[in-house]
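Topology and contacts: notes
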Amino acid sequence: MLSAQSRYHEVYAGWKSDPEGFWAEAAREIDWIRPADKVFDSQAGIYGRWFVGAQCNTCYNAVDRHVATRGDQAAIIYDSPVTGTKRAITYAELQAEVATLAAVLQDMGVTKGDRVVIYMPMIPETTFAMLACARIGAIHSVVFGGFAAKELATRIDDAKPKAILSASCGIEGARVIPYKPLLDEAISLSKAKPESCLVFQRPQLDASLVDGRDLDWAGAVAQARAEGRKADCVPVEATDPLYVLYTSGTTGIPKGVVRDNGGHMVALKWSMGHFFGVKPGEVFWAASDVGWVVGHSYIVYGPLLHGCTAILYEGKPVGTPDAGAYWRVIADHGIVTLFTAPTAFRAIKKEDPGADLLKKYDLSAFRALFLAGERADPDTVKWAEDILGTPVIDHWWQTETGWPVAGNPLGLGALPVKHGSPTVPMPGYTLDVLDEAGKSVGPNKMGSIVIKLPLPPGALPTLWNADERFRDSYLSVYPGYYNTSDAGYLDQDGYIWVMGRTDDIINVAGHRLSTGGMEEVLASHPAVAECAVIGMKDALKGEVPCGFVVLKSGIDRSPEEIEAELVALVREKIGPVAAFKLAITVSRLPKTRSGKILRGTMKKIADGDEWSTPATIDDPMILTEIGDVLRARGLAG
Ligand code: COA
Ligand code: AMP
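Residues numbered from 1 in each chain as written. Chains lettered and ligands numbered in written order. Predicted model: local features only at pLDDT ≥ 70, side-chain atom pairs only at ≥ 80, totals over all residues. Heavy atoms only, no water.

**Some thoughts on the overall build of the protein chain**
Helix and strand counts for the protein chain stand at 18 helices and 31 strands. Radius of gyration (C-alpha) of the protein chain: 24 Å, near the 26 Å computed for a compact globule of 637 residues. Expressed along its principal axes, the backbone C-alpha trace of the protein chain runs to roughly 70 × 65 × 55 Å. Burial statistics for the protein chain: of 637 residues in total, 60% are counted as buried. (Helix = DSSP H or I, 4+ residues; strand = E, 2+ residues; numbered from the N terminus. Rg over C-alpha atoms; globule rule 2.2 N^0.38 Å. Buried < 20%, exposed > 50% of the residue type's maximum accessible area, 1.4 Å probe, protein only.)

In structure tokens, the structure reads:
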């Protein structure tokens, strides 16, 4: 069944027989200040560490080393239909921008190991900020702009940044979203106060600055430039953190995923050529946001480490101005590869089912579409294949892994596609599917998908300041394995099928959200006695959250009014990205006799899937009520 053309099997077997040799070879693509004493030290860290003893600098490898050979090539093309701006930044210009901004950070007292929170929209300055941190060995923590002040505050408290970099506003379609009030509120909510903030004033909105704390970005950079001050690349250990990126956990407290410098560079560089099949000098576009891991790995670091031109797109797949936006960007910049979430293609398909707008553009340079971030439903994959006539490649990974766990490696020669499966594990990853007792279930049987330790270079070594949480969350359930919290199966050909999460994480428009976090917000409303949030199937976003609430007895206000307050409360506390639009009052929640809420059954009812009454249920009648309430609102499948 597998293709004889692909080098995948040979390469994967090569890795398996000599993992350290494999990664040592891949590491030759990186410029090291000092080589590693050990490619892998099984005694270091929690499950071992990669490239121990090596020194390097990620900014040097992503920017400076390209200046001599491709200084005039665009490193980043900023394409912003929402502001009508296009700007190409060459590698030489990028080096100058980043070195100057890094000098400004040093003026602000930021040094190696300090954390810097970046709360910014999709503008070039955000990428300069990330790279400037990397340049001086500071650890950046980018927070997605769609999160509310409280979420930002939680991250500030955990990361304890020396400085925060922000901008006056983001732009969502036609709306200008002020960022600065959210930042100010977050700082007032947090216990850990930054010493200073650098604020980029966008022409669309001028934010007011706090005296003694806030600095004007353009002014500070202009001054450093006038004085000719630039920061050099600072040597860091390969095992030092490059960044911390917070992602949803099972509670409202997000997990700070730590990414190191050395392993991250090696893995990303390998993936650009061997997985994505892209060559240095080509134009690569990941249509995501720098606030997510996809943005870190494949808007910024991966393409730049590989000497590609990276696209930074500030817009949407639809509405900016229409469903032809992606085709326009691909044609304008000669893009060879697009990476996005399936939800973006569902949005385009909904607006332009015949892909008529595609006919307006020349996509002759375009070679492949990669989809990840959520399950790629076969209908969407087939539609994309039909309209593009190129390979459409589903691949599966997580914030924690930093790069694809499984996929169809175009760079090694594609394997036959099975719609609905992200194909096979990449070198570095041995997958298994286990039952609750930790026994391998064998082919074609559902279970928990796990990765055999050690994790490969690039994957997280731990959580920020939370080794115990790292062990508890990922390593303790199945000793010797990393638990992905995804459920699925391996088929007879070794293809992995990823069907859903085993925890309470949901995927809304490719954004990872915690239903537990939303429940905490709903439960904080004075009228709510108890609640349960589930992810309900949605034709566009894959899933959307739906909250069921039981009101406290004696509350004599209208449920509709309270439901509207709950929707507003989640938006205020978590942010618009939660896309929480549905709160439903019920008389009680379905529970087992031991008091466990039957969220799985509620989800099946809401999705219109087949369901049966669990034997352990306390009161079966409530399931009927839930179905009735959903149907009355035109929901339930
Ligand atoms: N700053 C402020 N608000 C933001 C934001 C940001 N950076 N990003 C999103 N939001 C807001 C949106 O405006 C929206 O607000 P609304 O409720 O007032 O309309 C809300 O958060 C939900 O955003 P989203 O889920 O993205 O919905 P959408 O309707 O705006 O767009 C898609 C839907 C499918 C077009 C969009 O999600 C998309 O392009 N997704 C694919 C690419 C992607 O980002 N993938 C991520 C991981 S790879
Ligand atoms: P994130 O950490 O935001 O990248 O989200 C990771 C989660 O998204 C995974 O654990 C999966 O649940 C889901 N996911 C990502 N890519 C895929 C895919 N190709 N197929 C199925 N689920 C996916």
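Picking up after the structure, the text goes on.
**A few points about the domain arrangement of the protein chain**
Partitioning the protein chain into structural domains gives domain 1 (8-315 + 395-488) and domain 2 (509-632). Computed over C-alpha atoms, the centres of domain 1 and domain 2 are 34 Å apart. Regarding the contact of domain 1 and domain 2, the summed buried area is about 1100 Å², with carbon and sulfur atoms giving 51% of it. Counting across the interface, domain 1 meets domain 2 through one salt bridge. When the shortest N-O distance is used, the salt bridge between Glu400 and Arg512 registers 2.9 Å. At the junction of domain 1 and domain 2, the tally comes to five residue pairs in polar contact (both at pLDDT 80 or more). (Domains from an automatic or database assignment. Buried area = accessible area lost by both parts, 1.4 Å probe. Salt bridge = Lys/Arg side-chain N within 4 Å of Asp/Glu carboxyl O. Polar contact = N/O pair within 3.5 Å; in protein donor to acceptor, adjacent residues only side chain to side chain.)

**A short note on the UniProt feature "domain: AMP-binding enzyme C-terminal" (unreviewed entry) in the protein chain**
UniProt annotation of "domain: AMP-binding enzyme C-terminal" (unreviewed entry) refers to residues 518-596 when read in the numbering used here. From the first C-alpha to the last, residues 518-596 spans 18 Å; its make-up is 27% helix and 30% strand. (UniProt positions renumbered as here; feature names shortened; annotations may be inferred.)

**Some points on the packing of aromatic side chains**
Inspection of the entire model under this criterion finds 35 aromatic pairs. Residues Phe276 and Phe370 carry aromatic rings whose centres are separated by 4.7 Å and whose planes lie at 65° to one another, so their mutual orientation is edge-to-face. Of this pair, Phe276 sits in the loop between helix 9 (262-275) and strand 16 (283-286) while Phe370 sits in strand 19 (residues 368-371), and the two are 94 residues apart along the sequence. Measuring from ring centre to ring centre gives 6.3 Å for Phe284 and Tyr298, while their planes differ by 55°; the resulting arrangement is tilted. (Phe/Tyr/Trp six-rings, centres within 6.5 Å; stacked < 30°, edge-to-face > 60°.)

**Here's the deal with the pairing of strand 11 (residues 196-200)**
With five of five residues buried, strand 11 is to be regarded as a mostly interior element. When strand 8 (residues 163-167) meets strand 11, the two strands line up parallel, connected through five bridges. Counterpart to Ala163 in the pairing with strand 11 is Ser196. In terms of strand pairing, strand 11 meets strand 12 (residues 214-216) through three bridges, oriented parallel. Along strand 12, the bridge assignment pairs Leu198 with Leu215. (Pairing = 2+ DSSP bridges.)

**Things to note about the site of ligand 2**
Near ligand 2 you find 14 residues, and of these Asp394, Thr399, Asp486, Arg501 and Arg512 are the closest. Between a nitrogen atom of ligand 2 and a side-chain N or O atom of Asp394, the distance comes to 2.7 Å. A distance of 2.5 Å separates an oxygen atom of ligand 2 from a polar side-chain atom of Thr399. The fraction of the free accessible surface of ligand 2 (490 Å²) that becomes covered by protein chains is 94%. When its residues are assigned to classes, the shell around ligand 2 shows three nonpolar, five polar and six charged. (Near = heavy atom within 4 Å. Areas by Shrake-Rupley, 256 points an atom, 1.4 Å probe, with all protein chains shown as cover. Nonpolar A, V, L, I, M, F, W, Y, C, P; charged D, E, K, R; others polar.)

**Quick look at the pattern of salt bridges**
Enumeration over the complete set of coordinates arrives at 45 salt bridges. Here Asp503 makes a salt bridge to Arg501, at a shortest N to O gap of 2.7 Å. Under the relative-accessibility criterion, Arg501 is labelled partly exposed at 25%. Linked by salt bridges that have partners in common, Asp79, Lys86, Arg328 and Asp332 make up one network.

**Topic: the nonpolar core**
Trp23, Leu94, Leu131, Leu165, Tyr298 and Tyr301 are the most contacted members of the largest nonpolar core, which has 121 residues in total. Once you skip the residues sitting within four places of it in the chain, Tyr301 turns out to touch Thr58, Met130, Leu131, Ala134, His140, Leu242, Tyr243, His264, Leu268 and His296. Counting 45 residues, the second-largest nonpolar core is a separate cluster that includes Val143, Tyr246, Trp464 and Leu522. (Core = buried A, V, L, I, M, F, W, Y, C linked by side-chain atoms within 4.5 Å. Contact = heavy atoms within 4.5 Å.)

**Quick word on the site of ligand 1**
Residues in contact with ligand 1 amount to 24 residues; listed here are only the nearest, Glu172, Arg175, Lys316, Arg571 and Lys581. Note that a nitrogen atom of ligand 1 is positioned 3.3 Å from one of the side-chain N or O atoms of Tyr179. A distance of 3.0 Å separates an oxygen atom of ligand 1 from a polar side-chain atom of Lys541. Looking at the shell around ligand 1, its residues break down into eleven nonpolar, seven polar and six charged. Counting contributing residues per domain, the shell around ligand 1 is built from domain 1 (8-315 + 395-488) and domain 2 (509-632), each supplying no fewer than three.

**With respect to the UniProt feature "domain: Acetyl-coenzyme A synthetase N-terminal" (unreviewed entry) in the protein chain**
Here, UniProt's "domain: Acetyl-coenzyme A synthetase N-terminal" (unreviewed entry) annotation points to residues 8-62. Secondary structure across residues 8-62 divides into 42% helix and 18% strand, with the first and last C-alpha atoms of the span separated by 27 Å.

**A closer look at empty space enclosed by the protein**
This model, assessed by the stated rule, comprises three cavities of 30 Å³ or more. In this structure, the largest cavity occupies an estimated 120 Å³ of space. Along the wall of the largest cavity there are 13 residues; nearest its centre are Glu151, Ser248, Gly252, Ser514 and Gly517. Taken together, the residues of the lining of the largest cavity sort by class into five nonpolar, six polar and two charged. Shared between two domains, the lining of the largest cavity holds at least three residues of each, these being domain 1 (8-315 + 395-488) and domain 2 (509-632). As a volume, the second largest cavity reaches approximately 80 Å³. Taken together, Val381, Val392, Ile393, Asp394, Asn408, Val417, Lys418, His419, Gly420, Ser421 and Thr423 make up the full set of residues lining the second largest cavity. When residues of the lining of the second largest cavity are assigned to their parent elements, the largest contribution, three residues, is made by strand 20 (residues 392-394). In the lining of the second largest cavity, the residues fall into four nonpolar, five polar and two charged. (1 Å grid on protein atoms, 1.4 Å probe; cavity = no way out; pocket = protein on both sides within 12 Å on 5 of 7 lines; lining within 4 Å. Points joined across faces, edges and corners; volume = space filled by probe spheres on them.)

**Quick notes on the packing of helix 6 (residues 149-159) against helix 7 (residues 180-189)**
Helix-helix packing is described using two parameters, namely the angle between the two axes and the distance between the axes. Contact geometry for helix 6 and helix 7: axes closest at 8 Å, N-to-C directions at 50°. One finds that helix 6 runs oblique with respect to helix 7. Considering how the two elements wind past one another, helix 6 and helix 7 form a crossing that is right-handed. Across the interface between the two elements, Ala149, Lys150, Leu152, Ala153 and Ile156 of helix 6 pack against Leu182, Leu183, Glu185, Ala186, Ile187 and Leu189 of helix 7. When its residues are assigned to classes, the contact of helix 6 with helix 7 shows nine nonpolar, no polar and two charged. (Axes fitted to C-alpha atoms, helices over the stretch in contact; angles between N-to-C directions. Parallel < 35°, antiparallel > 145°, perpendicular 65-115°, else oblique. Left-handed = near helix turned anticlockwise from the far one by under 90°.)

**Re the sheet that holds strand 18 (residues 335-340)**
Within the open sheet, the seven strands sit side by side as 5-4-17-16-18-19-20. Their pairing is mixed. Since the sheet does not close on itself, it has two edges, and those belong to strand 5 (85-90) and strand 20, each with one partner. Across the sheet, the mean angle separating the axes of adjacent strands is 20° when strand polarity is ignored. Here strand 19 pairs with strand 20 via three bridges, running parallel. Across the sheet, residue Leu371 finds its bridge partner in strand 20, namely Asp394. Most of the contacts of helix 4 (residues 91-107) go to strand 5, to which it runs at about 90°, and overall it touches strand 4 (74-80) and strand 5.

**Observations concerning the sheet that holds strand 24 (residues 447-452)**
The antiparallel open sheet is built from four strands, whose spatial order is 23-24-25-26. Only two strands of the sheet have a single neighbouring strand rather than two, namely strand 23 (431-434) and strand 26 (496-501). When the angles between neighbouring strand axes are averaged without regard to direction, this sheet yields 50°.

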